[in-house]
Amino acid sequence: MGTSAETVDFFLEQLEGRGVSARKMFGEYGIYASGKMVALICDDTLFVRPIPEAAAYLGTPVEAPPYPGAKPHYRIEADLWEDADWLWGLIALMARSLPEPKPKARKPAKPKENG
């Protein structure tokens, strides 16, 4: 099905001015904060990684895979997005709690040709 641009626009409007962005990935979206991918929006649903801090924030989280073949994540229903402060609390918590992204491996330099 894929995620609609309107869904992502609404999500980003709720967090406007807080340094959150979205990047389209395979018809779905990665959500970024503080230079980290902190969530996914797949099929118009928000998903966060199942970490203890998120479980404590959510209370009784619902697990589901964001896409076929994926490990389960915590599913955040769209009606919870209405509370911008609550949503920011979750996204900020994920940004603080998740590890820094691994640096990308540099490709070895091509040997210079003499000629």
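What counts as what
Residues numbered from 1 in each chain as written. Predicted model: local features only at pLDDT ≥ 70, side-chain atom pairs only at ≥ 80, totals over all residues. Heavy atoms only, no water. Helix = DSSP H or I, 4+ residues; strand = E, 2+ residues; numbered from the N terminus. Buried < 20%, exposed > 50% of the residue type's maximum accessible area, 1.4 Å probe, protein only. Polar contact = N/O pair within 3.5 Å; in protein donor to acceptor, adjacent residues only side chain to side chain. Pairing = 2+ DSSP bridges. Axes fitted to C-alpha atoms, helices over the stretch in contact; angles between N-to-C directions. Contact = heavy atoms within 4.5 Å.

Caption draft 1: Focus on the environment of E77. Among the structural elements, E77 can be located in the loop between strand 6 (73-76) and helix 3 (84-97). A residue is classified by how much of its surface remains accessible, and E77, at 36% relative accessible area, is partly exposed. Sequence separation between E77 and D44 is 33 residues; the distance between their C-alpha atoms is 9.3 Å. Polar contacts involving the side chain of E77 include one to the side chain of R75, which spans 2.6 Å.

Caption draft 2: Seen up close, the sheet that holds strand 2 (residues 28-33). Reading across the sheet, the six strands line up as 1-2-3-4-6-5 and stay open at both edges, with antiparallel pairing between neighbours. A single partner strand is all that each edge strand has here, and the edge strands are strand 1 (20-25) and strand 5 (62-64). When the angles between neighbouring strand axes are averaged without regard to direction, this sheet yields 40°. Pairing analysis gives three bridges linking strand 3 (residues 36-42) to strand 4 (residues 45-48), with the strands arranged antiparallel. Of the residues in strand 4, the one forming a bridge with L40 is F47. Set on the sheet, helix 1 (residues 5-14) makes contact with strand 1, strand 2, strand 3 and strand 4; between it and strand 1 the angle comes to about 160°. Strands strand 1, strand 2, strand 3, strand 4 and strand 6 of the sheet are contacted by helix 3, whose axis makes an angle of about 130° with strand 3.

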